[in-house]
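Topology and contacts: notes
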Amino acid sequence: MSSKGRPAPSAAHAAVVIPAAGRGVRLGPGAPKALRTLGGTPMLIHAVRAMAASRHVALVVVVAPSDGVAEVRSLLDSHALPERTDFLVVPGGETRQESVRLGLEALPAGHEVVLVHDAARPLVPVDTVDAVIETVRDGAPAVVPALPLADTVKEVEPAAVDGEPEPVVATPARARLRAVQTPQGFDRTALLRAHKEVDGEVTDDASMVERLGLRVVTVPGHEEAFKVTRPLDLVLAEAVLARRRRNDGF
Ligand code: CTP
Ligand code: MG
């Protein structure tokens, strides 16, 4: 931990697990999604820097594609992080959930606040990261950044064949719905328990803590924390980066 001669971080400092082991199938053929570049820099490096921008973050655990651990390690070695931030790289699994669990297993003792952040959300602003950490420190076992929806959402009976009409089953009131982002923040004990006790398919970590019956709360998310999923998202991400460079030489 003190490989650079720094004092050990206190328990108050957060650790972040960054699942980055996905292939990025929806983005189309190419390198694993986290290694594709935005503004010339790999998406993963943007995501790690976004976390390390918070002075409350002392450790970043990157969960790499299982055949890409050495490559990710050398990428991180060649892109400077703040002095206060250490990193670890571990191989990921078949699903996001498994990759997060493998990241959690690599966590050293001493971080009471643990964040989970998608490598595919490279542009989240530091204020969102800090708001999540502060709300966990204030006593919430799980915290998610969330935004109101622009689209109305329908629940359907999914068709067996893609493109076939699907019967609509319900329309939840949009005003009560939120789209949730990462980083999601947790009391370490609650998150570890959730990953140990909850099974079944989930699409985020907070829902596992919900299933334990613990309180999950939202804080305001940010439109720049969107997930790069499809090709058009790359266009948007490049535009956001270009705007930042114009505005503040970022
Ligand atoms: N992820 C992971 N391990 C997996 C699958 C996903 O670590 N086995 C990570 C991705 O690298 C990403 C995050 O989970 O940072 C969110 O997943 P998603 O956006 O779905 O990324 P991919 O799974 O890579 O994309 P796709 O589903 O289009 O293949
Ligand atoms: Mg995926």
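The name recorded for the protein in an unreviewed UniProt entry is 2-C-methyl-D-erythritol 4-phosphate cytidylyltransferase, from Streptomyces chilikensis. Heading Sequence similarities (unreviewed entry) of the UniProt record for the protein holds this comment: "Belongs to the IspD/TarI cytidylyltransferase family. IspD subfamily." UniProt lists a comment for the protein under the heading Pathway (unreviewed entry), and it reads "Isoprenoid biosynthesis; isopentenyl diphosphate biosynthesis via DXP pathway; isopentenyl diphosphate from 1-deoxy-D-xylulose 5-phosphate: step 2/6."

1. Regarding the overall build of the protein
When helices and strands are counted, the protein shows seven helices and 12 strands. Here the protein has a C-alpha radius of gyration of 18 Å; the compact-globule value for 250 residues is 18 Å, and the two agree. When its C-alpha atoms are laid out on the principal axes, the protein stretches across 60 × 40 × 35 Å. Of the roughly 12700 Å² that the protein leaves accessible, carbon and sulfur atoms contribute 53%. Across the protein, 29 positive and 32 negative side-chain charges occur, with their mean positions spaced 4 Å apart.

2. As for the side chain of Lys-33
As for its placement among the helices and strands, Lys-33 is situated in the loop between β1 (14-19) and β2 (37-38). Lacking a salt bridge, the buried Lys-33 has Asp-233 as its closest oppositely charged neighbour, with an N-O distance of 7.2 Å. Polar contacts involving the side chain of Lys-33 include one to the main-chain carbonyl oxygen of Val-228, which spans 2.8 Å. Setting aside its immediate chain neighbours within four residues, Lys-33 contacts Gly-22, Arg-23, Gly-24, Leu-27, Met-43, Ala-120, Val-228 and Thr-229.

3. Observations concerning the site of ligand 1
Around ligand 1 there are 18 residues in total, and Pro-19, Val-25, Arg-26, Ser-99 and Lys-227 lie nearest to it. Taking Ala-20, its main chain carries an N or O atom lying 3.3 Å from an oxygen atom of ligand 1. Between ligand 1 and Gly-24 there is a distance of 2.9 Å, counted from an oxygen atom to a backbone nitrogen or oxygen. In isolation ligand 1 exposes 560 Å². Once the protein is present, 87% of that is buried.

4. Observations concerning the UniProt feature "site: Positions MEP for the nucleophilic attack" (unreviewed entry) in the protein
Here, UniProt's "site: Positions MEP for the nucleophilic attack" (unreviewed entry) annotation points to Arg-174 and Lys-227. Looking only at the residues we just named, the largest pocket is lined by Lys-227. With respect to the helices and strands, the residue Arg-174 is situated in the loop between β9 (168-170) and β10 (178-180). Structurally, Lys-227 is set in the loop between β12 (216-220) and α7 (231-248). Excluding residues that lie within four positions of it along the chain, Lys-227 makes contacts with Arg-26, Asp-118, Ala-120, Arg-121 and Asp-233.

5. Some thoughts on the environment of Val-100
Here Val-100 is to be found in helix α3 (residues 96-105). Taking relative accessible area as the criterion, Val-100 reaches 0% and is therefore assigned buried. The contact partners of Val-100, leaving out residues within four places of it in the chain, are Val-17, Pro-19, Val-116, His-195 and Asp-205.

6. Quick notes on the environment of Phe-87
Residue position: Phe-87 is located in strand β5 (residues 86-91). The class of Phe-87 is partly exposed, set by a relative accessible area of 23%. Contact partners of Phe-87, with chain neighbours within four places excluded, come to Leu-59, Val-60, Arg-73, Leu-76, Asp-77 and Leu-81.

7. With respect to unusual backbone geometry
Backbone torsion omega between Thr-182 and Pro-183 reads 10 degrees, so that peptide bond is classified as cis. With respect to the helices and strands, Pro-183 occurs in the loop between β10 and β11 (184-187).

Thresholds applied
- Along each chain, residue indices are assigned from 1 in the same order as the chain's sequence is written.
- By the order in which they are written, chains take letters starting at A while ligands take numbers starting at 1.
- Whole-chain, interface and lining totals are the exception, using all residues; otherwise, since this is a predicted model, local features are given only for residues with pLDDT of at least 70 and side-chain atom pairs are given and counted only at 80 or more.
- Side-chain measures were taken over the full set of non-hydrogen atoms in the model, leaving aside hydrogen atoms and water.
- UniProt positions are given in the numbering used here, feature names are shortened, and annotations may be inferred rather than shown by experiment.
- What counts as a helix is a DSSP run of H or I of at least four residues, what counts as a strand is a run of E of at least two, and both are numbered from the N terminus.
- For the radius of gyration, the atom set is restricted to C-alpha positions; the globular benchmark scales as 2.2 Å times the number of residues to the power 0.38.
- Method for areas: the Shrake-Rupley scheme with a 1.4 Å probe, in which residue coverage is limited to the protein chains shown.
- Under this rule, positive means Lys or Arg and negative means Asp or Glu; His and the chain ends count for nothing.
- Charged groups are reduced to one reference atom each: NZ for lysine, CZ for arginine, CG for aspartic acid, CD for glutamic acid.
- Between buried and exposed lies partly exposed: a residue is buried under 20% and exposed over 50% of the maximum accessible area for its type, with that area taken using a 1.4 Å probe on protein chains only.
- The working definition used for a salt bridge is a side-chain nitrogen of Lys or Arg within 4 Å of a carboxyl oxygen of Asp or Glu.
- Whenever a nitrogen or oxygen atom comes within 3.5 Å of another N or O atom, the pair is scored as a polar contact, on the condition that within protein one atom can donate a hydrogen and the other can accept it, and that pairs from neighbouring residues in sequence are kept only if both atoms are in side chains.
- Contacts are assigned to residue pairs with any non-hydrogen atoms lying within 4.5 Å of each other.
- Here a residue is considered near a molecule or strand provided that any single heavy atom belonging to it is located within 4 Å of it.
- A pocket here means an open set of points on a 1 Å grid, computed over the protein atoms alone, that has protein on both sides within 12 Å along at least five of seven lines. A cavity is instead a set of points where a 1.4 Å probe fits but cannot get out; residues with an atom within 4 Å of a point line either one.

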